[in-house]
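Structure assessment
So the chains spell out like this:
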Amino acid sequence: MIEVKNLTKKYGEHLAVDNLSFTVKDGQIYGFLGPNGAGKSTTMNIMTGYLGLTDGQVLINGHDILEEPEEARSCIGYLPEQPPLYMDMTVIGYLKFCAELKKIPRAERAQAVEEAMVKTGIEGVKDRIIRNLSKGYRQRVGLAQAILGMPPIIILDEPTVGLDPKQIIEIRDLIRKLAKDHTVILSSHIMQEISAVCNYIMIISNGRLVASDTPENLMKQQQTASSLELEVRGGRVEVEVLLREIPGVQSVEMQKSREKGAVKAIITEEAGADVREEVFYTLAREHHPLLKMNQERVSLEELFLELTDEADTQPKSTGEEVSE
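Residues numbered from 1 in each chain as written. Predicted model: local features only at pLDDT ≥ 70, side-chain atom pairs only at ≥ 80, totals over all residues. Heavy atoms only, no water.

What to know about the layout of surface pockets
Empty space among the atoms becomes visible once a probe the size of a water molecule is rolled across them. When its volume is computed, the largest pocket comes out at roughly 790 Å³. Lining of the largest pocket is provided by 23 residues; of these, Y50, R73, I76, L101 and K102 occupy positions nearest its centre. When contributions to the lining of the largest pocket are tallied by element, the ones reaching two or more residues are α2 (69-73), β6 (76-79) and α3 (91-101). It is α3 that provides the largest number of residues to the lining of the largest pocket, a total of four residues. Considered class by class, the residues forming the lining of the largest pocket number 14 nonpolar, five polar and four charged. (1 Å grid on protein atoms, 1.4 Å probe; cavity = no way out; pocket = protein on both sides within 12 Å on 5 of 7 lines; lining within 4 Å. Points joined across faces, edges and corners; volume = space filled by probe spheres on them. Helix = DSSP H or I, 4+ residues; strand = E, 2+ residues; numbered from the N terminus. Nonpolar A, V, L, I, M, F, W, Y, C, P; charged D, E, K, R; others polar.)

Side note on α3
When α3 is considered as a whole, its buried residues turn out to be V91, I92, Y94, L95, C98 and A99. On an axial view of α3, the arc spanned by its buried residues comes to 160 degrees, and they lie on one face. Tucked into the core, α3 has its buried residues touching α4 (106-120) and α5 (135-147). Backbone geometry just after α3 places K103 at a positive phi near 60 degrees. (Buried < 20%, exposed > 50% of the residue type's maximum accessible area, 1.4 Å probe, protein only. Arc of directions from axis to C-beta. Contact = heavy atoms within 4.5 Å.)

Overview of the sheet that holds strand β7 (residues 153-157)
On the basis of which strands lie adjacent, the open sheet formed by six strands has the order β6-β7-β8-β3-β9-β10 and mixed pairing. The sheet is open, and its two edges are formed by β6 and β10 (208-213), each paired on a single side. Strand-to-strand twist of the sheet, defined as the mean angle between neighbouring strand axes without regard to direction, takes the value 15 degrees. As paired elements, β6 and β7 share four bridges and run parallel to each other. Directly across from G77, in β7, lies its bridge partner I154. On top of the sheet, α5 reaches β6 and β7; it is set at about 160 degrees to β6, its chief contact. Together, β3 (29-33), β7 and β8 (183-188) form the strand contacts of helix α6 (residues 165-178), whose direction differs from that of β8 by roughly 150 degrees. (Pairing = 2+ DSSP bridges. Axes fitted to C-alpha atoms, helices over the stretch in contact; angles between N-to-C directions.)

Regarding the sheet that holds strand β2 (residues 14-24)
In space, the four strands of this open sheet follow the order β2-β1-β4-β5, with antiparallel pairing throughout. Looking along the sheet, the strands with just one partner apiece sit at the ends: β2 and β5 (63-64). In the sheet, strand β4 (residues 55-60) pairs with β5 via two bridges, with the strands oriented antiparallel. In the sheet register, L59 faces β5, and the bridge partner there is D64.

Regarding the nonpolar core
Looking at soluble globular proteins, one finds that nonpolar side chains tend to be buried together. By size, the foremost hydrophobic cluster in this structure holds 44 residues, and its most contacted members are V91, L95, I122, V141, L148, L156 and L186. Element by element, the count of residues in this core is highest for α3, at six residues. Leaving out residues up to four positions away in the same chain, V141 has contacts with L85, V91, Y94, L95, I122, I130 and L133. Ranked by size, the runner-up nonpolar core spans 27 residues in total, among them V4, V17, F32 and A38. (Core = buried A, V, L, I, M, F, W, Y, C linked by side-chain atoms within 4.5 Å.)

Focus: the confidence of the model for the protein chain
For the protein chain, per-residue confidence averages 87 on the pLDDT scale, and residues scoring 70 or more make up 89% of the total. Between the elements of the protein chain, mean pLDDT differs from a low of 61, seen in helix α11 (residues 300-312), to a high of 96, seen in α3. (pLDDT = per-residue confidence, 0-100.)

A few points about the packing of α3 against α4
The N-to-C vectors of α3 and α4 enclose an angle of 125 degrees; their axes lie 10 Å apart at closest approach. Comparing the axis directions of α3 and α4 gives the class oblique. Both α3 and α4 take part in a crossing whose hand is right-handed. When α3 is examined against α4, the residues I92, L95, K96, A99 and E100 are found in contact with a partner set consisting of R109, V113 and M117. Split into classes, the residues belonging to the contact of α3 with α4 amount to five nonpolar, no polar and three charged. (Parallel < 35°, antiparallel > 145°, perpendicular 65-115°, else oblique. Left-handed = near helix turned anticlockwise from the far one by under 90°.)

Some words on unusual backbone geometry
The backbone of N61 shows a phi angle near 50 degrees, a positive value even though the residue is not glycine. Notably, E158 is not glycine yet its phi reads approximately 50 degrees, a positive angle. Mapped onto the fold, E158 is located in the loop between β7 and α6.

Side note on the pairing of β10
Here strand β9 (residues 200-205) pairs with β10 via five bridges, running antiparallel. Pairing of I201 across the sheet is with D213, part of β10. Where β9 folds back onto β10 in an antiparallel hairpin, the turn is made up of two residues, including N206, whose phi is positive at roughly 55 degrees.

A few points about helix α10 (residues 276-285)
Residue pairs three or four apart in sequence face the same way in an α-helix, which turns once every 3.6 residues. Every buried residue belonging to α10 is among V279, T282 and L283, and all of these are buried. The arc that holds every buried residue of α10, seen down its axis, measures 95 degrees, which confines them to one face. Set apart from the buried face of α10 by more than 90 degrees, the exposed residues are E277 and R285. Packed against the buried residues of α10 are β11 (227-233), α9 (236-244), β13 (262-269) and β14 (290-296). Where α10 terminates, the next one or two residues include H287, which has phi positive at roughly 60 degrees.

Okay, structure coming up:
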């Protein structure tokens, strides 16, 4: 388990991470989502011990990353955005070197390297020079070094950046397989990337956590109203009056319809309301045939944009006077 408590990181006067707190429990795939420059990579580099913190605390399976760095790091496998590969080495030579750096006992190294290669599907290219591999396979080699020794936690920073669609699908499938034996945290600035593989999402903006929950619960908690688009046979005035009287209808916008003898109506529902059945029965009772009904709800992408836009409008708590 990872506990991040009141984490703060400053670069001079720039506040990159702002009093960030969250907990990562075992056995999940966590998505760390935010726009470019939100503080994702900085937070990950602090969690893995590659970067010092200004204030706060990071505990990895109970080990403080500052006070017990070796014990904390031994619990983590890390793949940065740019995989730390030595291009002139063979795949197996590189992984043996990484196993030595990770202080895996000599008697266990060969088995650890073999297990990592099998899990990441690179045993077929183990004798090839890394420079001669495709980007997708280089990413797999990077993943293999991250899981060497089978650490309980795997942290992946933008793991599919620069890959083609086929390679992205392959890496996503690989991440799902790794999650059977590891807790996985991956970062991205693309909602589709996170929602495709993660069962828990943390949204960060301006170094602050603005939302944290499962994709399903994030959608349920979102208070943005949904809308209904209708095509109704009847006159503009009478249809509008009927729709406005339905409980749960927040507003009605009437538009022209290409359908002869019909009107178009855009209904905005109140938060949490679903007025579709009542719309149908109301119009039917008054003999206004409903020709079309289409409901639109906020997408995860729209939720992401709304949450990060809201965070961008909030001043950061640097403890210093905010100037224009």
